[in-house]
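Survey of secondary and tertiary structure
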Amino acid sequence: MIQEVVSVGLPVDERWKIIKNRMEPEAGARPDSKRICIVTGTHGDELEGQYVCYEVARRINEHMELLDGIVDIYPALNPLGIDSITRGIPMFDLDMNRIFPGSNTSATAEYVAAQIMNDMSGADMAVDIHASNIFLRETPQVRVNETTADNLLPYAKLLNTDFVWVHASATVLEATLAHSLNKTGVPCLVVEMGVGMRITKEYCMQLVDGIFRLMCELGIWKGEAPEVRDPIVSRDGHVSFVNAEASGIFVPSVEHWQRVKKGDHLGDIVTPTTGEILHAVQADVTGRVFTLREYPVVYSGSLIARVLEDCEEDVEND
């Protein structure tokens, strides 16, 4: 059932309208039915979640008899951004993921954020799906704030990602949807995967299996629980950042999620003008490359890669 979450008027007879697809059991939801929110499209240049929403809805529609709870699919929190291939909210010059929880009495963007929060209130779980930007490709991962890690880690491990990154608290995160939902009692997992303005089908299908595994755990899906991989769980101290030491064209020599040793060659920054190698990029630690430069033009200081240090020993089986 397509429902309108919020609709506000804009100049030139346009409207900012956010919709959701509410999927309930054929016999209707019970008062004690569990509810999960699948959320994406907060940034208009992150499209991986579009295919995830499609595939989740498609599988449920094929076997409605297996649905035993409520699935709310929010395919585009920032539809204006998606339509214009813009990361933020066009006209407002705002990052939508920095205005939550919003306010019912504030300006348009904050009002919309407040209505989204109100609509998701009381859910038993939320999965907030993001992609990277056009510059970097991310291996499928769940990012969890250390303040909520104890509660969220058991669920994060079910999402079929390659690893779970428990990151330190930071003030800038306080205005995100995930932080705001967790603060109000709605457990929210943030997924990062793929690259901006693209759909990586393999990653999407991997996450979809994880979402159905999570729904089985919550009692929302009665179908067979998909097998999911056991993710590595890592904290900030085990992540190495590799930055460019020169400006030029980066040519990688490794693949995503490839295991490397300290000192291994990750790629070269070259100059097409003279045919020289300006910087032979090396790994600072032993581990796996989970972030890798996708857009080849780099400047001094540009992020080239992130390496998950000593990842084979960093698995938590608690």
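Residues numbered from 1 in each chain as written. Predicted model: local features only at pLDDT ≥ 70, side-chain atom pairs only at ≥ 80, totals over all residues. Heavy atoms only, no water.

1. Some remarks on the overall build of the chain
In terms of helices and strands, the chain carries six helices and 17 strands. Taking 20 Å as the expected radius of gyration for a compact globule of 318 residues, we find that the chain reaches 20 Å, a close match to that expectation. For the chain, the residues scored as buried account for 55% of the 318 residues in total. Taking all contacts inside the chain whose residues are at least 6 apart in sequence as the whole, residues at least 24 apart take part in 70%. Roughly 14200 Å² of accessible area belongs to the chain as shown, and the carbon and sulfur atoms make up 48% of that amount. In the chain, 27 positive and 48 negative side-chain charges are present, and the distance between their average locations comes to 2 Å. (Helix = DSSP H or I, 4+ residues; strand = E, 2+ residues; numbered from the N terminus. Rg over C-alpha atoms; globule rule 2.2 N^0.38 Å. Buried < 20%, exposed > 50% of the residue type's maximum accessible area, 1.4 Å probe, protein only. Contact = heavy atoms within 4.5 Å. Areas by Shrake-Rupley, 256 points an atom, 1.4 Å probe, with all protein chains shown as cover. Lys, Arg positive; Asp, Glu negative; His and termini not counted. Charge placed at Lys NZ, Arg CZ, Asp CG, Glu CD.)

2. Points about the nonpolar core
In this structure, I36, I60 and V71 are the most contacted members of the largest nonpolar core, which totals 42 residues. Ranked by residue count, the leading element in this core is helix α6 (residues 201-218), at ten residues. Not counting residues up to four positions away in its chain, the partners in contact with I60 are M23, L67, V71, F212, M215 and W221. (Core = buried A, V, L, I, M, F, W, Y, C linked by side-chain atoms within 4.5 Å.)

3. Digging into the pairing of strand β8 (residues 188-194)
Within β8, seven of the seven residues are buried, which leaves it mostly tucked inside the rest of the structure. Sheet topology places strand β6 (residues 136-145) next to β8; four bridges connect them, and they run antiparallel. Bridging across to β8, R143 finds its partner in V190. (Pairing = 2+ DSSP bridges.)

4. What about the side chain of E46?
Relative to the elements of secondary structure, E46 occurs in the loop between β3 (35-39) and α1 (48-62). A polar side-chain atom of E46 sits 2.9 Å from a polar atom in the side chain of R87. When near neighbours in sequence (up to four residues on either side) are disregarded, E46 contacts R87, H130, A131 and S132. (Polar contact = N/O pair within 3.5 Å; in protein donor to acceptor, adjacent residues only side chain to side chain.)

5. Thoughts on a nonpolar patch on the surface
On the surface, I85, I134, F135, M197 and Y295 cluster together into a nonpolar patch covering about 420 Å² of accessible area. In this structure, F135 sits in the loop between β5 (125-131) and β6. Under the relative-accessibility criterion, F135 is labelled partly exposed at 33%. (Patch = residues over 30% accessible without salt bridge, like charges linked within 9 Å, V, L, I, M, F, W, Y side chains within 5 Å. Salt bridge = Lys/Arg side-chain N within 4 Å of Asp/Glu carboxyl O.)

6. Structural notes on the packing of α1 against α6
One way to put it is that α1 packs onto α6 with a least axis distance of 9 Å and a crossing angle of 50°. Taken as axis vectors, α1 and α6 run oblique relative to one another. As for how α1 packs across α6, the hand of that crossing is right-handed. Here E48, Y51, V52, E55, V56, R59 and I60 of α1 lie close against α6, whose contacting residues are K201, C204, M205, L207, V208, D209, I211, F212 and M215. When its residues are assigned to classes, the contact of α1 with α6 shows eleven nonpolar, no polar and five charged. (Axes fitted to C-alpha atoms, helices over the stretch in contact; angles between N-to-C directions. Parallel < 35°, antiparallel > 145°, perpendicular 65-115°, else oblique. Left-handed = near helix turned anticlockwise from the far one by under 90°. Nonpolar A, V, L, I, M, F, W, Y, C, P; charged D, E, K, R; others polar.)

7. Concerning the packing of aromatic side chains
This structure, assessed with the given rule, holds seven aromatic pairs. Residues F163 and F290 carry aromatic rings whose centres are separated by 4.6 Å and whose planes lie at 65° to one another, so their mutual orientation is edge-to-face. A residue pair is termed long-range when its members are at least 10 positions apart, and F163 in strand β7 (residues 163-167) and F290 in strand β15 (residues 287-293) qualify at 127 residues. Residue classification places F163 among the buried positions, given a relative accessible area of 0%. Overall, the relative accessible area of 0% leaves F290 in the buried class. Measuring from ring centre to ring centre gives 5.1 Å for F212 and W221, while their planes differ by 80°; the resulting arrangement is edge-to-face. (Phe/Tyr/Trp six-rings, centres within 6.5 Å; stacked < 30°, edge-to-face > 60°.)

8. Details of the sheet that holds strand β11 (residues 248-252)
Taken together, four strands build an open sheet; the order of strands is β14-β13-β11-β16 and the sheet is antiparallel. At either margin of the open sheet sits one strand with a lone partner, and together these are β14 (276-282) and β16 (297-298).

9. Here's the deal with α1
For α1, spanning 15 residues, the distance from its first C-alpha to its last is 22 Å, which sits close to the expected 21 Å at 1.5 Å a residue. Listed as buried for α1 are E48, G49, Y51, V52, C53, E55, V56, A57, R59 and I60. As for α1, its buried residues are in contact with β2 (14-23), β3, β4 (70-74), β5, β8 and α6. (Expected span 1.5 Å × (residues − 1).)

10. With respect to the pairing of β5
Along β5, seven of the seven residues are buried, which leaves the element largely enclosed by surrounding structure. Residues M125, V127, I129 and A131 point to one face of β5 and A126, D128 and H130 to the other, with burial holding for every one of them. Bridging between β3 and β5 involves four bridges; their strand directions are parallel. Paired with V39 across the strands is D128, a residue of β5. As judged from the six bridges shared by β5 and β8, these two strands associate in the parallel manner. In the strand pairing of β8, A131 is matched with M193.

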